[in-house]
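Below are the chains, spelled out letter by letter.
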Amino acid sequence: MNRNFEEIAAGTLAEALDKLKAAGGVPDDFEPKIVIERPKNPDFGDFGCALPMLMCKATRTAPAICGRNLMDKIQAPPGIFDEISFAPPGYINFRVSPTAWFEGLQAVCDIPDVGHGQKVLLEFVSANPTGPLHAGHARGAVLGDIVARLMKVAGYEVETEYLLNDVGNQMAMLGLSIFYRGRQALGLASEVDFPENGYRGDYIREIAARFVSGQEGRDFCAASYPEGAGRDDNPAVRFAAGLLTEEIRKTLDCLAIRFDHWFSERSLHDSGRVAFLVNRLLESGAAYRTDDGAILFSMEGDEDGEDRVVVRGNGVPTYFAADIAYHDEKARRGYDRLINIWGADHHGYIPRVRAAMGALGHSPSMLDVILVQMVTLTRNGEVVPMGKRLGRFVTLQDLVDEVGADAVRFIYIMRRADAQMEFDLELAKQKTMDNPVYYVQYGHARVASIVRKATGMGYQVPSFSPDLLSSLTLPEELALVKDLCRFPGIVAQSAANCEPHHVCFFLMELCKGFHSYYTKYKSSERVVSDDRDKTLARLYLVSRIKSVLGYGLGLLGVTAPEEMRCEGTDVES
RNA sequence: GCGCCUGUGGCUCAAUGGAUAGAGCAUCGGACUUCGGAUCCGACGGUUGGGGGUUCGAGUCCCUCCAGGCGCGCCA
């Protein structure tokens, strides 16, 4: 039984309002949106609504009068609210009975269905396989993975996808870089031959060395680099991209991120889909050919949008062309909604993708783009330069190895996506013990420890029974019960809005409440005591906290340890 | 020049248009005979970048200015 107190309160108010309308006290066309909120000050109650304020204008009476009138008509369903009261200047407040709250504990990990089976494709990371993932990719990767996890439990049918940009100039440059490093390894070229814009990372040398250790690689590097269509599709490119893709996959795996689909951009070219759709755009007039033979997509409907090149003058389609085909493909696969997570530097790209979808008969509004702002990586306060071509960057793998997957995930997801953030490597390592993720994990381990202790003494965690409540008389215990009951709503809302940071903050607050309760009563009212009834009741509460912490951490993809040991610290013994 | 994002205590960040703007870190002062001190309690700290506007009510919405970041390619 999942009781939604907000809905009940809203329904109660709506009924009272209807009665006032019927009595002629309120105009019939007054249809306010009844918003139930949680007052910051607990003295006001558990839920509140500013409906009397909204009624003022429609009725042309003071909010206090509106409130009184409303109060006269309110008939709440029995057994839920202990108190419903008017509070100046114009609020109606509801206090839920402890019994009703306590019953909510049974459903504390049942997330309400807000997705209603909506089919969603979530695309993220999608970095070029021209090098390892770097620290800058972490944010989008973690956000995408956690949004997917949240949406799944909130009733969405989510699939995740990584688009491999395995076509184009950057792939050609990858092949060329491998080619020259291979020639160097074979003694056929010197450093001065290396292309100016080539990828200079050490990983290129390593891959090239492996490439020329085989006969095909040696033959390839001994010949001249292919021109034309072979520039970005040849043995060197395929060899390097294959290895790099595998490395990307492994790094993501270390971060507990696994994709449902890996989609190859090349497949859209090979199948002729790109060319087919460009033709369709030409036929429909959405695109046109210029004098020099290029094909441009018309952004006419867009306010200040310039027309965008789809096919170059030399006949080679642009990335935009492939992306048009890709989004068409995604739309045709039967999803209700497409969500892309892009770096903020791609924001200018959104209108043209939407426009192209519209031109192909899809609804542009089915595409949502979550922009993640840049992360400045610093070490001891100094900005770490990032750039694949220079080969000087902190790889995501390094980051995970240094800081740990749990901390990386938690730190990146704590912030709203649309705010820039700074991530200092040394700080993240030095302050490991102050890291919020450890605070929550410690809370889980501590709760687990209590359950362990109790079961070691022969207790069993009881299942729900209303009788247990009579032993939970401390105000902090009721506060914990209320907090726990907030969890399903927090998850559902975070999923619906793609804002997972709320889950982090909730878990930290829950831990704080528990730690505080624990410390305050550790010498008087312990969980495990001589009083059997109290012990069982508190054991039930504690086990619910453990469930929520464990479930919540699981949604964040962070481990929930049963125990934590102090290791590597200089604690005096 | 145009566009997108951001501006909240010393620092990092919260706050579905609602009641007294909240946490953590840092600083200072406290708390352990028994379930994990990786904890807890308290203090200090704010004109929510400035100015207008909408509203019964604005950190939140609109306008404008200032500051920072990112875009504006026949790169991907």
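Reading guide: rules and limits
Residues numbered from 1 in each chain as written. Chains lettered and ligands numbered in written order. Predicted model: local features only at pLDDT ≥ 70, side-chain atom pairs only at ≥ 80, totals over all residues. Heavy atoms only, no water. Helix = DSSP H or I, 4+ residues; strand = E, 2+ residues; numbered from the N terminus. Buried < 20%, exposed > 50% of the residue type's maximum accessible area, 1.4 Å probe, protein only. Contact = heavy atoms within 4.5 Å. Areas by Shrake-Rupley, 256 points an atom, 1.4 Å probe, with all protein chains shown as cover. Near = heavy atom within 4 Å. Polar contact = N/O pair within 3.5 Å; in protein donor to acceptor, adjacent residues only side chain to side chain. Nonpolar A, V, L, I, M, F, W, Y, C, P; charged D, E, K, R; others polar. Pairing = 2+ DSSP bridges. Axes fitted to C-alpha atoms, helices over the stretch in contact; angles between N-to-C directions. Parallel < 35°, antiparallel > 145°, perpendicular 65-115°, else oblique. Salt bridge = Lys/Arg side-chain N within 4 Å of Asp/Glu carboxyl O.

**Student:** Whenever I open this one, the overall build of chain A confuses me. Can you help?
**Tutor:** When helices and strands are counted, chain A shows 20 helices and 14 strands. The principal-axis extent of the C-alpha atoms belonging to chain A is close to 85 × 75 × 40 Å. Scored against the burial criterion, the 573 residues of chain A give a buried share of 49%. Expressed as a percentage of contacts within chain A between residues at least 6 apart in sequence, the contacts between residues at least 24 apart total 73%. When the accessible surface of chain A is split by element, carbon and sulfur atoms take 49% of a total near 27,100 Å².

**Student:** Would you take a moment to explain the side chain of Asp145 for this structure?
**Tutor:** Take Asp145: it is sitting in helix H5 (residues 138-153). Filtering out sequence-adjacent residues up to four positions away, Asp145 remains in contact with Phe124, Ala256, Ile257, Arg258 and Arg409.

**Student:** Where do I start with the protein's contact with RNA strand B in this structure?
**Tutor:** Lining the immediate environment of RNA strand B, one finds 64 residues, of which His347, Arg415, Arg446, Ser449 and Arg565 sit closest. Considering the 4 Å shell around the protein, atoms of RNA strand B inside it are sugar or phosphate in 61% of instances. Within the side chain of Gln170, one N or O atom sits 3.2 Å away from a sugar or linking oxygen of RNA strand B. Gln420 places a side-chain nitrogen or oxygen 3.0 Å from a base nitrogen of RNA strand B. Looking at the surface near RNA strand B, the elements that each hand over two or more residues are helix H2 (51-59), strand E3 (91-96), helix H6 (169-185), helix H17 (436-456) and helix H19 (501-521). Of the residues assigned to the surface near RNA strand B, the class counts are 27 nonpolar, 19 polar and 18 charged.

**Student:** Just to check I follow, could you spell out the sheet that holds strand E2 (residues 81-87) for this structure?
**Tutor:** Note: strands within a sheet are paired through backbone hydrogen bonds, in either parallel or antiparallel orientation. As summarised here, the arrangement of the three strands in space is E1-E3-E2, forming an open sheet in which the pairing is antiparallel. Edge positions in the sheet fall to strand E1 (47-49) and E2, since each has one partner strand and no second. The sheet shows a mean angle of 15° between the axes of neighbouring strands, taken without regard to direction. Sheet topology note: the E2/E3 ladder contains six bridges and is antiparallel. Within the sheet, the bridge partner assigned to Phe81 lies in E3 and is Val96. Here helix H1 (residues 5-22) sits on the sheet in contact with E1, E2 and E3, set at roughly 135° to E3. Docked against the sheet, H2 engages E1, E2 and E3, running at close to 155° with respect to E3.

**Student:** Honestly, the packing of H6 against helix H9 (residues 235-254) in this entry has me stumped. Any pointers?
**Tutor:** What describes two packed helices is the angle between their axes and the distance between those same axes. The N-to-C vectors of H6 and H9 enclose an angle of 100°; their axes lie 8 Å apart at closest approach. It follows that H6 is roughly perpendicular to H9 by the angle criterion. Contacts between H6 and H9 involve Met171, Leu174, Gly175 and Ile178 from the former and Ala236, Val237, Ala240, Ala241 and Leu244 from the latter. Among the residues making up the contact of H6 with H9, the classes are represented as eight nonpolar, one polar and no charged.

**Student:** Can you help me understand the side chain of Ser298 in this one?
**Tutor:** With respect to the helices, strands and loops of the structure, Ser298 is situated in the loop between strand E8 (295-297) and strand E9 (308-311). The exposure class assigned to Ser298 is buried, which follows from its relative accessible area of 17%. For Ser298, the residues in contact, after removing those within four places along its chain, are Ala286, Ala287, Tyr288 and Asp307.

**Student:** Is there a simple way to think about the pattern of salt bridges in this case?
**Tutor:** Pairing is possible between side chains of opposite charge, provided their charged atoms come close. Summed over the entire model, instances satisfying the criterion amount to 27 salt bridges. Ionic pairing is found between Arg149 and Asp145, a salt bridge with its closest N-O pair at 2.8 Å. One end of the pair, Arg149, and the other, Asp145, are both in helix H5, four residues apart, so they sit about a helical turn from each other. The class for Arg149 is partly exposed, based on a relative accessible area of 25%. With a shortest N-O distance of 3.6 Å, Arg266 and Asp233 are connected by a salt bridge. Taken together, the residues Arg266 in helix H10 (residues 265-270) and Asp233 in the loop between helix H8 (215-222) and H9 connect sequence positions 33 residues apart. We classify Asp233 as partly exposed; its relative accessible area is 28%.

By themselves, these observations are geometric and do not establish any function.
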